[in-house]
Structure formats: structure tokens, C-alpha cells
Amino acid sequence: MELERLLPVARFRATSFGVVNAGAPCGVEAPDIDYAIIYSVVRGPIWFEGGGLSETLNSGDVLFLPHGDRHRLASSSDVAPLAPLMELLRRKPGNFIFNHGGAGAPIQFIAGGSIWEDAAKTTISRLLPEALILRKEQIPETGHIADVTGMVVKEGLSPRTQSGIIVNELFNILLFEILNSLLSAHAAFSGFPKNSTSGKITRALLLIHNSSPCEWTSTSLAERVGLSRSVFSKKFKLETGVSPGAYIKRLRMQRAANLLEHPHVSIADAAEHAGYASIPSFSQAFKLEFGASPHAWRISIR
């Protein structure tokens, strides 16, 4: 896969950072900015909207905005933005701690705006979607995201003369860990191609895997990566061995199967997550994919 081949050049040249201590209600908004942005949530939850996503982030989750797209963060979705993020992070030299919001439930996250190295911006950056969310449970046990986040917080609390240089290197580690975890998650899905050579198809795959596959069609994916529908479908099948529609359906079924591993998740919940309005139609599609009904499959894995 092209993304894996380009990992060695994935680097930031400089990073501005802050540790945000907030309390509900709180809300900030950020405009489009020519930086890559990383948020690592120390204490959540916090709601995020941007890059085509609207999600709640919990403790241990990481949010990556490779292109610095406009976005909002708030204690909940019904809280209007209370402050421009750039104003919040405007600081006196040597001050990296920022307080914001009310006296409600505490929230803490680190925020960093990083400038891509030229080689990374012209190669790996162009493959990435507008927003990537890495959930705590997706992070390999061998990863270092929690450790690095803790080091950034410590640097913010006790800054040194060279804190800017130190934190930039820490954010480079975060960048590698995010991309490596992303690749690991994709590798667990048998349909994800190991040797994708097309940047546009790689970008389409990342878009599908980083959001609900129910959101995508061949037409919308083709438009997003700048290809005609026919050319996109042909290139996609060449890379993956299946049509975009078949790939998306397979991923929907795989995610539903993963949910059914948890006893508290009902078949109706799994069906809804996979984009099916009725349990019979979901059960039929599930059986075609796995050779067993959702109920029989759940029993077989116990």
C-alpha cells in the first residue's frame, strides 16, 4: 500500500501546542488553516464536528486533521461555539496551559498545529482524508500514544527553553503512531489491499474505513477523489478485486460481525449499524457473507 511505503517521510517541521483544561459547557471553533492538527483526549468526552464527521471523542481517542479543515469542539453537540480556538491558544511566551469553559464535567486534551515537511506534504498528506479518528480500542497495545500524550502534558506543565523542539519530535511520534495504527486496523480487514499503487484509490479506501461505510457510494467516492465513476470503479476493482459496492458491503458486514461479538449488542443494533432497516434483510446479507445467520454466527464464536 502506498501509505505504508511513504511512512518514513511522514514528518512535521514545527509544532505549536497547548494543553487545554476545560469544563462544561465549553465550545471552540477553528477556521481552515494550513497546518496539520492533532488532538489527543486525556479526559473526555468531547464532541467534534468537521471533515464530514460528527463524533463524540472519549478519553484515549485521538483526532487527526491532516489538512487543518474547519472544525468545532464542544462539551456536547448542543453547545454553541463560545470562543475561536486561535484566540484560546494565543499565549504568552512559555505558557502552554489554557483554561476554558464552565464549572461542569472536566475535559482535558492536548492540541497541536504542525507544519508538514515538504516531502510529507507532497506525498503522504495528499492521500489522507479530511479527518481521522483513532479510537482507544484501535490503538495496538505496543503503541506509545498514551505515553507520548503524557509527555506532552508534562512538557506543558513544566516547560523548558527547548520545549518547542521537544514537542515537535513528540508530535512526529504521534503522527507515526496514528498512521501505523491506521494501517494495522486496515490490515485486520481481509479485503484491504496490501499493495495499493494508486494514490486516489488509497485515499478512497481511507475515506471508507475512517467513517461509516453506509455514507459512501461509487459516485460519491469517485467525486471525492477526482475521478469519473467509470474510471474509479475500474481502478478500484483492479486494486481490491471487487467493485466499490461489494467492498463497502463486505466492510459493513465485517463491522456488524465485530459488534455481535459483544453480548450486549442486539442483532437489531448490528443491523442498524450496518445500514439495514430490517432484520430479515440484514440476516440474509449476513448469511451470504459468513455462511450463517447472525444468531447462529454469534453462538458459534462463544
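Residues numbered from 1 in each chain as written. Predicted model: local features only at pLDDT ≥ 70, side-chain atom pairs only at ≥ 80, totals over all residues. Heavy atoms only, no water.

Considerations on empty space enclosed by the protein
Over the atoms, a rolling probe the size of a water molecule traces out where space has been left empty. Threshold: Here a cavity means grid points, on a 1 Å grid over the protein atoms only, where a 1.4 Å probe fits yet cannot get out; a pocket means an open set of points with protein on both sides within 12 Å along at least five of seven lines; lining residues are those with an atom within 4 Å of a point. Grid points are joined across faces, edges and corners, and a volume is the space filled by probe spheres set on the points. When residues are sorted by character, Ala, Val, Leu, Ile, Met, Phe, Trp, Tyr, Cys and Pro go into the nonpolar class, Asp, Glu, Lys and Arg into the charged class, and all the rest, Gly among them, into the polar class. Secondary structure follows DSSP: runs of H or I at least 4 residues long count as helices, runs of E at least 2 residues long count as strands, and numbering of each begins at the N terminus.
Evaluated as defined, the whole model comprises two cavities of 30 Å³ or more. Contributing to the lining of the largest cavity are 11 residues, with Cys26, Val28, Ile46, His100 and Phe109 lying nearest its centre. When its residues are assigned to classes, the lining of the largest cavity shows nine nonpolar, two polar and no charged. If you list the elements that add at least two residues to the lining of the second largest cavity, you get β11 (132-134) and α5 (163-187). Among the elements that take part in the lining of the second largest cavity, β11 stands out by supplying three residues, more than any other. Tallied by class, residues from the lining of the second largest cavity come to five nonpolar, one polar and no charged.

Some words on the sheet that holds strand β8 (residues 83-84)
In a beta sheet, neighbouring strands are held together by backbone hydrogen bonds and run either parallel or antiparallel to one another. Condition: Strands are labelled as partners when DSSP assigns at least two bridges between them.
Pairing is mixed in the open sheet, where five strands are placed in the order β5-β4-β7-β2-β8. Since the sheet does not close on itself, it has two edges, and those belong to β5 (53-57) and β8, each with one partner.

Points about the environment of Arg298
Formally: Note on definitions: a residue-residue contact is assigned when non-hydrogen atoms from the two residues lie within 4.5 Å. Throughout this description, a polar contact denotes any pair of N or O atoms lying within 3.5 Å of each other; where both atoms belong to protein, one of them has to be capable of donating a hydrogen while the other can accept it, and for residues adjacent in sequence the pair is counted only when both atoms sit in side chains.
Its location among the elements puts Arg298 in helix α12 (residues 294-300). Apart from the residues within four sequence positions on either side, Arg298 is in contact with Leu259, Leu260, His262, Pro263, Val265, Ser266 and Ile267. Engagement of the side chain of Arg298 in a polar contact is seen with the backbone oxygen of Leu260, the distance being 3.0 Å. At 2.9 Å, the side chain of Arg298 forms a polar contact with the backbone oxygen of His262.

Some words on the nonpolar core
In plain terms, the rule: By convention a nonpolar core is built from buried Ala, Val, Leu, Ile, Met, Phe, Trp, Tyr and Cys residues, the set being connected through side-chain atoms within 4.5 Å. Type-normalised accessible area, obtained with a 1.4 Å probe on protein chains alone, sets the label of each residue: buried when under 20%, exposed when over 50%, and partly exposed for intermediate values.
Core analysis: the biggest nonpolar cluster contains 34 residues, and Phe12, Ile38, Phe64, Trp116, Val152 and Phe171 have the highest contact counts within it. With nine residues, α5 is the single largest residue contributor to this core. Each residue touching Phe12, except ones within four places of it in the same chain, is listed here: Ala36, Ile38, Phe64, Ser114, Ile115, Trp116, Glu117, Asn168, Phe171, Asn172 and Leu175.

Some words on the sheet that holds strand β1 (residues 12-23)
For clarity, the cut-off: Axes, fitted as lines to C-alpha atoms, cover a helix only where it is in contact. Angles between the N-to-C directions of the axes lie from 0 to 180 degrees.
Spatially, β9-β1-β10-β3-β6-β11 is the arrangement adopted by the six strands of the open sheet, whose pairing is mixed. With partners counted over all chains shown, the strands left at the sheet margins are β9 (97-101) and β11, one partner each. The mean inter-strand angle of the sheet, taken between neighbouring strand axes irrespective of direction, is 20°. Here strand β3 (residues 36-43) pairs with strand β6 (residues 62-65) via four bridges, running antiparallel. Residue pairing across strands places Ile37 opposite Leu65, the latter belonging to β6.

A look at unusual backbone geometry
Backbone torsion omega between Ala24 and Pro25 reads -5°, so that peptide bond is classified as cis. With respect to the secondary-structure elements, Pro25 resides in the loop between β1 and β2 (27-30).

Topic: the environment of His262
Residue placement: His262 occurs in the loop between α9 (244-260) and α10 (267-273). For His262, a relative accessible area of 39% translates into the label partly exposed. In the structure, His262 is positioned 15 residues away from Tyr247 in sequence and 24 Å away in space, judged by C-alpha atoms.

Re helix α6 (residues 199-209)
Most of α6 sits out of view: 10 of its 11 residues are buried. Listed as buried for α6 are Gly199, Ile201, Thr202, Arg203, Ala204, Leu205, Leu206, Leu207, Ile208 and His209.

Some words on the confidence of the model for the chain
Test applied: How sure the predictor is of each residue is captured by pLDDT, a score from 0 to 100.
Chain-level statistics for the chain give a pLDDT mean of 86 and a share of 90% at 70 or above. When mean pLDDT is compared element by element in the chain, β3 scores highest at 96, while helix α1 (residues 2-5) scores lowest at 66.

Considerations on the pattern of salt bridges
Formally: Any Lys or Arg side-chain nitrogen found within 4 Å of a carboxyl oxygen on Asp or Glu counts as a salt bridge.
The final tally for this structure, using the stated rule, is 10 salt bridges. With its nearest N and O atoms 2.8 Å apart, the salt bridge here joins Asp61 to Arg135. Here Asp61 is found in the loop between β5 and β6, whereas its partner Arg135 is found in the loop between β11 and α4 (145-157), with 74 residues between them in sequence. Given the relative accessible area of 3%, Asp61 is considered buried. Arg135 gets classed as buried once you look at its relative accessible area, which sits at 17%.

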